[in-house]
Amino acid sequence: MNINNKEKSIPVVIIGFLVLVGTYLYMHNRKMELLEKPSNYTIGRIDDSYAVIGYFDYNYVYAYKNKSYTKTGSSNKKQKVGDKFIVKFSKENPENSELLLALPICDTAIVAPQLGWKEFPKHLICKD
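This one's a predicted model, so the numbers in the text were calculated from it and none came from an experiment. (Residues numbered from 1 in each chain as written. Predicted model: local features only at pLDDT ≥ 70, side-chain atom pairs only at ≥ 80, totals over all residues. Heavy atoms only, no water.)

Observations concerning the layout of surface pockets
- Here the largest pocket defines a volume of roughly 260 Å³.
- At the level of secondary structure, the elements contributing two or more residues to the lining of the largest pocket comprise strand 1 (39–52) and strand 2 (55–64). (1 Å grid on protein atoms, 1.4 Å probe; cavity = no way out; pocket = protein on both sides within 12 Å on 5 of 7 lines; lining within 4 Å. Points joined across faces, edges and corners; volume = space filled by probe spheres on them. Helix = DSSP H or I, 4+ residues; strand = E, 2+ residues; numbered from the N terminus.)

Structure (C-alpha cells):
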C-alpha cells in the first residue's frame, strides 16, 4: 500500500468511527427516552454470565404478557447465574429494558404478574 492510499483511507476510517459512535449514542438515548415514559417492573433472572476484557456481560430473562425476553447487559463484576433482580421495561416496547443490578430480590420464589407492576415493587428488595 503506498502513502497516497493510506492518506485517503484515514478520513474514511474517521467518518466510519463517527457514524458508529453517533448511531450508538442515538440508540442509547432512544432507549432511555422510552424507559422514562410509563414503565412497568418485573422480575428478571440472570441466565448466563461471562467475562469480556475489562468487564462482564450477562444475559437476563424476563416475561411480559406471556412472552419471554432475553437481553444482554454488562457490569464491572460477574453476576451469579440464577440471581433475580428488578427489571424496568417500556410498556410501549417491552424489549427496551434495564436490569437493576443494585436491587436484588431476596425471595426467589416470588413470581411477577403477567403485566408486571405499574409501581416500583419495594416490597421485593433485600434489606441489608
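So much for the structure itself; the text now carries on.
A look at the side chain of Ser97
- Within the secondary structure, Ser97 sits in strand 5 (residues 97–104).
- Looking at Ser97, the relative accessible area reads 1%, which means it is buried.
- A distance of 2.7 Å separates a polar atom in the side chain of Ser97 from a polar atom in the side chain of Tyr60. (Buried < 20%, exposed > 50% of the residue type's maximum accessible area, 1.4 Å probe, protein only. Polar contact = N/O pair within 3.5 Å; in protein donor to acceptor, adjacent residues only side chain to side chain.)

Looking at the packing of aromatic side chains
- A full pass over the atoms with the stated rule returns five aromatic pairs.
- Taken together through their ring pairs, the aromatic side chains of Tyr58, Tyr60, Tyr62, Tyr64, Tyr69 and Phe89 make up a single cluster. (Phe/Tyr/Trp six-rings, centres within 6.5 Å; stacked < 30°, edge-to-face > 60°.)

Concerning the pattern of salt bridges
- Scanning the model with the defined rule gives one salt bridge in all.
- Linking Asp47 and Arg45 is a salt bridge whose minimum nitrogen-to-oxygen distance equals 3.3 Å.
- On the basis of relative accessible area, Arg45 is assigned to the partly exposed category, the value being 35%. (Salt bridge = Lys/Arg side-chain N within 4 Å of Asp/Glu carboxyl O.)

Structural notes on the nonpolar core
- Within the largest apolar cluster, 10 residues are counted, these being Ile46, Tyr58, Tyr60, Tyr62, Tyr64, Tyr69, Phe85, Val87, Phe89 and Leu99.
- The set of elements that each furnish at least two residues to this core consists of strand 2 and strand 4 (84–90).
- For this core, the element with the most residues is strand 2, which contributes four residues.
- Contacts of Tyr60, omitting those with residues within four sequence positions, involve Arg45, Ile46, Asp47, Tyr69, Thr70, Lys71, Thr72, Gly73, Val87, Ser97, Glu98 and Leu99.
- Ile43, Leu100, Ile105 and Trp117 belong to the second largest nonpolar core, which has eight residues in total. (Core = buried A, V, L, I, M, F, W, Y, C linked by side-chain atoms within 4.5 Å. Contact = heavy atoms within 4.5 Å.)

Comments concerning the pairing of strand 1
- With seven bridges connecting them, strand 1 and strand 4 associate as antiparallel partners. Considered in strand 4, the bridge of Arg45 is made with Lys84.
- Inspection of the sheet shows strand 1 paired to strand 2 by seven bridges, in the antiparallel sense. Its bridge partner being in strand 2, Val52 is matched across the sheet by Tyr55.
- The turn joining strand 1 and strand 2, which pair antiparallel and follow one another in sequence, is formed by two residues; a positive phi near 85° is taken by Gly54. (Pairing = 2+ DSSP bridges.)

Observations regarding the sheet that holds strand 2
- Overall, antiparallel pairing links the five strands, which are arranged 3-2-1-4-5 in an open sheet. This sheet does not close on itself; its edge strands, each paired only once, are strand 3 (67–75) and strand 5. When strand polarity is set aside, the average angle formed by the axes of neighbouring strands in this sheet is 35°. (Axes fitted to C-alpha atoms, helices over the stretch in contact; angles between N-to-C directions.)

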